[in-house]
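# Structural overview for review
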Amino acid sequence: MCLRRQYGVTQTYGVPTGYRGFLKPETWRLLDEEAVKNLHNQGGSILGSSRGGHDTNAIVDSLVEQGVTNLFVVGGDGSIRGAAKIADEVKARKLPISVAVVPKTIDNDVPLIDQTFGFETAVDAAREAIDVANVEAEGFPYGLGVVKVMGRNSGFIAMHSALGSCVTDLCLVPEVEFYLDGPGGIVDHLYERIVANDKAVVVVAEGAGQELMKATGANGEVVKDASGNVLLDDVGPWLCNMLKKRLDERLAEAFDHGDKLTLKYVDPSYMVRGIAPNTSDNLYCLQLAHNAVHGSMAGLSSFLVGSVNTRECYVPIDLVANKRNVIDTSHQSLWEYVVFSTGQPSFQTELDPRDDGDVITTASGGVILSTE
C-alpha cells in the first residue's frame, strides 16, 4: 500500500515458492490492495517458500526481462544470503534495480538488529506451551514438564519464553553445552527441584545437546536439506528418555512409596511459527515495510531494514549476510538472567577474550557469530 499510495506504483507482484519462483514469472501474483488488505491477520505466507533453487544469473535475467526496478526480499538468513548475491550481480551488470531486505524469521538470528519480525509472536506462543507443561507437571506427584521449541542454531525463543514464564527450572540452548550426570549436571539440578517443589519444567531449543547426543550414540550420518542446513537429531524425545530413566532411579533410591517420575512432553512445533502475528509484530512489520519502500524509492540498494538500539536503520546487506545472531553468554546479557531465574548450573562456556566495549551485542541478548 505504501508503494501505491505514496509513490504511485501501480503494479507490485509477489513471487511464489521462494527463489525458484523467479524463473516462472507466469506464476507471479499481483499484490493489489484487495489481495493484501487482510494479510496482517493471517499466519504463514500466501506466497509459500522452498529450499534451494537459487540461480543468481537466471534470477537477475528474469528481473530484467520482466522490467523489475525494485526487489524486496522477505526472509531469514538463507533469504539474506540470496539477496546479497542478487545485489552483487545487479551491481556488476550496472542495472537500475534496487534490492532491499525485510528480515523475517522467528529464530531472531539476524545479526546487528534488535530483533526480527515474527520473533515476539513465536515467544508468546512458546510461553503458552510452557504454561501448559507447568500445569500438567503440577497435576501429578513428581511431575516433569518438557517443552521443545524451535531454534536450530540460536536459542532466543527458548531463552525469552523461559524468562517470561517465570516457572522454568532449566533452559537448554544450542549456544551452551550441558551434561547429564555428576555434580553440576542437569539430572542433579532437576532432582533437587522435583523433591523441593514436587515438579519441574524444562525448556529446550531444538538445536541444543547435539554434541551430547552424538557422544551417547544417538546420531546417525549427517544429512542436509536442499539449502545446506544440517538436519538435526530430535533432542526432545532423547532428553525425555535420558531424564526419565535417571530420575526414576534417583526417586526409587530416595523414597519407598514407589512413585516414579510423571513426565509430560509438549512439542508445539509449527504452532509457534504458523500463527497470526501479534499486535507488536504487526506494528514492527509495518515500520519495516515502509522503511524498505522509502529507502528503495530514494535510490538505495543492497540494504536491510531494521531497528538498531531502538533506532530505525538501513544496514548494508554485506554486514549481516553469512553471519548469525546467537545468545551472548559472556557479556552480562540476558543469559545471566536465565541462570539466576532458573537456578540451573551455569556450565562451562568458552570465554570471549574481547572487552565488553569491543563486542557488538543486540537488545535481545545476542552477539554476532560469523558462519563463513
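Here we summarise the structure given alongside this text.

What counts and how
Residues numbered from 1 in each chain as written. Predicted model: local features only at pLDDT ≥ 70, side-chain atom pairs only at ≥ 80, totals over all residues. Heavy atoms only, no water. Helix = DSSP H or I, 4+ residues; strand = E, 2+ residues; numbered from the N terminus. Rg over C-alpha atoms; globule rule 2.2 N^0.38 Å. Buried < 20%, exposed > 50% of the residue type's maximum accessible area, 1.4 Å probe, protein only. Lys, Arg positive; Asp, Glu negative; His and termini not counted. Charge placed at Lys NZ, Arg CZ, Asp CG, Glu CD. Pairing = 2+ DSSP bridges. Axes fitted to C-alpha atoms, helices over the stretch in contact; angles between N-to-C directions. Contact = heavy atoms within 4.5 Å. Left-handed = near helix turned anticlockwise from the far one by under 90°. Salt bridge = Lys/Arg side-chain N within 4 Å of Asp/Glu carboxyl O. Phe/Tyr/Trp six-rings, centres within 6.5 Å; stacked < 30°, edge-to-face > 60°. Core = buried A, V, L, I, M, F, W, Y, C linked by side-chain atoms within 4.5 Å. Arc of directions from axis to C-beta.

Right, let's get into the overall build of the protein chain. Looking only at helices and strands, the protein chain has eleven helices and twelve strands in total. Taken over the C-alpha trace, the protein chain has a radius of gyration of 23 Å; the compact-globule value for 372 residues is 21 Å, and the two agree within 12%. Along the first, second and third principal axes, the C-alpha set of the protein chain runs to 75 × 45 × 40 Å. By the burial criterion, 45% of the 372 residues in the protein chain qualify as buried. Looking at the protein chain, you have 31 positive and 49 negative side-chain charges, and the mean spots of the two groups are 6 Å apart.

Take the sheet that holds strand β6 (residues 170-172) next. With parallel pairing, the four strands of this open sheet are ordered in space as β6-β7-β5-β8. One side of each edge strand has no neighbouring strand; the edge strands of this open sheet are β6 and β8 (262-266). Taking each pair of neighbouring strands and ignoring which way they run, the sheet shows an average axis angle of 15°. Relative to β8, strand β5 (residues 143-149) runs parallel, the two being bridged by five bridges. Directly across from L144, in β8, lies its bridge partner L263.

To continue, consider the side chain of D109. One can find D109 in the loop between β4 (98-103) and α5 (119-138). When near neighbours in sequence (up to four residues on either side) are disregarded, D109 contacts D77, S154, K323, R324 and N325.

With that settled, consider the packing of helix α3 (residues 56-65) against helix α4 (residues 77-93). For the pair α3 and α4, the least separation of the axes is 10 Å and the interaxial angle reads 65°. The way α3 lies across α4 gives a crossing that is right-handed. Of the residues in α4, those touching α3 at T56, N57, I59, V60, D61 and L63 are K85, I86, E89, V90 and R93.

What the rule picks out here adds up to twelve salt bridges. Between E33 and R5 there is a salt bridge, and its shortest N-O distance comes to 2.9 Å. With E33 in helix α2 (residues 33-36) and R5 in helix α1 (residues 2-7), the pair connects residues that are 28 residues apart, well separated along the chain. In this structure E33 comes out as partly exposed when scored by relative accessible area, which is 26%. Because the salt bridges share partners, they merge into one network encompassing D61, E89 and R93.

A few words now on the sheet that holds strand β10 (residues 311-316). Taken together, the four strands give an open sheet; going across it, the order is β3-β4-β9-β10, and neighbouring strands pair in mixed fashion. Bordering the open sheet on either side are β3 (70-75) and β10, each of which pairs with just one other strand. If you compare each strand with its neighbour and ignore which way they point, the axes differ by 30° on average. By the bridge criterion, six bridges tie strand β9 (residues 303-308) to β10 in an arrangement that is antiparallel. Bridge pairing links L304 to V315 in β10. Across the sheet, helix α10 (residues 279-297) is in contact with β3, β4, β9 and β10; its angle to β9 comes to roughly 135°.

Enumeration over the complete set of coordinates arrives at five aromatic pairs. Here Y19 and F22 contribute two aromatic rings whose centre-to-centre distance is 6.0 Å and whose plane-to-plane angle is 20°, an arrangement assigned as stacked. Taken individually, Y19 and F22 each receive the classification buried, so the pair is uniform in this respect. Ring centres of Y142 and F255 lie 5.7 Å apart, and the angle between their planes is 25°; on these two criteria the pair is classed as stacked. Highlighted residues: Y142 in the loop between α5 and β5 and F255 in the loop between α9 (235-254) and β8, separated in sequence by 113 residues. Looking at Y142, the relative accessible area reads 9%, which means it is buried.

If you look at the biggest cluster of nonpolar residues, it comprises 58 residues, and the most contacted ones within it are I157, L172, I186, W238, L239, L247 and W335. Excluding residues within four positions of it along the chain, W335 makes contact with M159, C171, V173, V176, I327, D328, T329 and Q344.

All of the buried residues in α3 are T56, I59, V60, S62 and L63. Down the axis of α3, the sector holding all buried residues measures 155°, keeping them to one side. At its buried positions, α3 is contacted by β3 and α4. Looking one or two residues past α3, G67 carries a phi angle of roughly 70°, positive in sign.

We now examine the pairing of β5. Counting buried positions along β5 yields seven of seven residues, so the element is predominantly enclosed. Alternating positions in β5 separate into two faces, G143, G145, V147 and V149 on one and L144, V146 and K148 on the other, with burial throughout. Where β5 and strand β7 (residues 199-205) come together, seven bridges link them in parallel fashion. Within the sheet, the bridge partner assigned to G145 lies in β7 and is V201.

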